[in-house]
Amino acid sequence: MSTVKENLTRSAELTGSDSARLDIEVLLGAVLGRSRTWLYTWPEYELSVAEQQSFDNLLQRRRHGEPVAHLTGEREFWSLALKVNASTLIPRPETELLVETALALCPGDRLRALDLGTGTGAIALALASERPGWDIVAAEKSADAVALAEENRRALQLDNVRIVQSDWFAQLPAQKFDLIVSNPPYIDAADPHLEQGDVRFEPRSALVAEDAGLADIQSIAQCSGEFLAAGGWLMVEHGWQQAASVRAIFAAAGLKDIESREDFSGWERITLGRKAN
Ligand SMILES: C[S@@+](CC[C@H](N)C(=O)[O-])C[C@H]1O[C@@H](n2cnc3c(N)ncnc32)[C@H](O)[C@@H]1O
């Protein structure tokens, strides 16, 4: 049998991954039910036959490109441990910018918020964890993703979020929100990145939109007026080259105070605007 230390040196087996060492640590930690720190504290621990087989199996699947988050069934977002599966997007760290911006823009304790295309529930649950007094609706089209978001909501005991199945606003009863956030599909169907890395294992319905990736943002912006309270904010994540188009879509939808915000790399990745008072 091999030790933890020996298994940690198998990065060369993951040539296709640009985070081979980290992948090995996370997968080995998941098999042993231990933290990454534990692995370095107990390098001489010898894996049992079952543990070794389980790790070898995960490593092989990773070699074939399966995302680490699908192999462990979990991904951290905004310090929340979220279950993930193939029904929706694996939450990305860049989406935390949307959460951060929403919290800064809306400091109040009482607010009605809507997260459109909630997926794992990432954005809605992060907002709920920070603002227990907010009343949050999280809408999602995929029934499997709705079930996943509900499982995450229950595990985190965030009772101020309601997960509902809806095709954007279509199945929502008439109501007003002070804040609508969304990380909708925004990748162009012809984008070559769709054939690379983790996205190959994520559903196209979570990634791709018509009209060079802008169709869903357009639908959301157009219908948002009916669901926004006076002065309420709409905020969406989009691709790094889409900010000018999204600002134009927001303007055509009648929104005011439109601006885009940059991520840590200096790319404009979110755009916001508000309904006039
Ligand atoms: C880019 S993923 C974002 C998931 C999650 N909000 C996040 O940031 O990790 C887009 C999500 O929108 C959902 N979606 C796609 N079309 C939709 C529609 N017409 N109505 C509601 N949700 C939709 C997808 O199923 C997917 O879960």
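Residues numbered from 1 in each chain as written. Predicted model: local features only at pLDDT ≥ 70, side-chain atom pairs only at ≥ 80, totals over all residues. Heavy atoms only, no water.

Student: Looking at this structure, how should I read the site of the ligand?
Tutor: The local shell around the ligand holds 18 residues, among which T88, G117, E140, D167 and W168 are the closest. At a separation of 3.2 Å, a nitrogen atom of the ligand approaches a polar backbone atom of K141. W168 places a main-chain nitrogen or oxygen 2.8 Å from a nitrogen atom of the ligand. In isolation the ligand offers 600 Å² of accessible surface; the protein chains occlude 95% of this area. In terms of residue class, the shell around the ligand is made up of 7 nonpolar, 8 polar and 3 charged. (Near = heavy atom within 4 Å. Polar contact = N/O pair within 3.5 Å; in protein donor to acceptor, adjacent residues only side chain to side chain. Areas by Shrake-Rupley, 256 points an atom, 1.4 Å probe, with all protein chains shown as cover. Nonpolar A, V, L, I, M, F, W, Y, C, P; charged D, E, K, R; others polar.)

Student: What is the right way to look at the sheet that holds strand β6 (residues 177-182) in this model?
Tutor: What links the strands of a sheet is backbone hydrogen bonding, and the strands pair in either a parallel or an antiparallel sense. The strand order β5-β4-β3-β6-β7-β9-β8 describes an open sheet built from 7 strands, whose pairing is mixed. Strand pairing shows two members of the sheet lacking a second neighbour, β5 (161-165) and β8 (256-262), which therefore form its edges. If you compare each strand with its neighbour and ignore which way they point, the axes differ by 15° on average. Two strands pair when backbone bridges link them, and β8 and strand β9 (residues 268-274) are joined in this way by 5 bridges, in the antiparallel orientation. (Pairing = 2+ DSSP bridges. Helix = DSSP H or I, 4+ residues; strand = E, 2+ residues; numbered from the N terminus. Axes fitted to C-alpha atoms, helices over the stretch in contact; angles between N-to-C directions.)

Student: In this structure, what is going on with the side chain of D23? I would like to understand it.
Tutor: Tracing the sequence through the fold places D23 in helix α2 (residues 20-32). Judged by relative accessible area, which is 4%, D23 ranks as buried. (Buried < 20%, exposed > 50% of the residue type's maximum accessible area, 1.4 Å probe, protein only.)

Student: What's the story with unusual backbone geometry in this structure? I'm lost.
Tutor: Across the chain, the bulk of peptide bonds are trans and the bulk of non-glycine residues have phi less than zero. At S79, a residue that is not glycine, the phi angle is positive and equals roughly 65°. Tracing the sequence through the fold places S79 in the loop between β1 (74-77) and β2 (80-83). Within the chain, A212 stands out as a residue other than glycine whose phi angle is a positive 55°. Within the secondary structure, A212 sits in helix α10 (residues 210-213).

Student: Help me understand the pairing of strand β7 (residues 228-237) in this model?
Tutor: Working note: regular strand, side chains alternate between the two faces of the sheet. In terms of burial, β7 is largely enclosed, as 9 of its 10 residues are buried. The pairing of β7 with β9 spans 5 bridges and is classified as antiparallel. Opposite W233, over in β9, you have R274 as the bridge partner.

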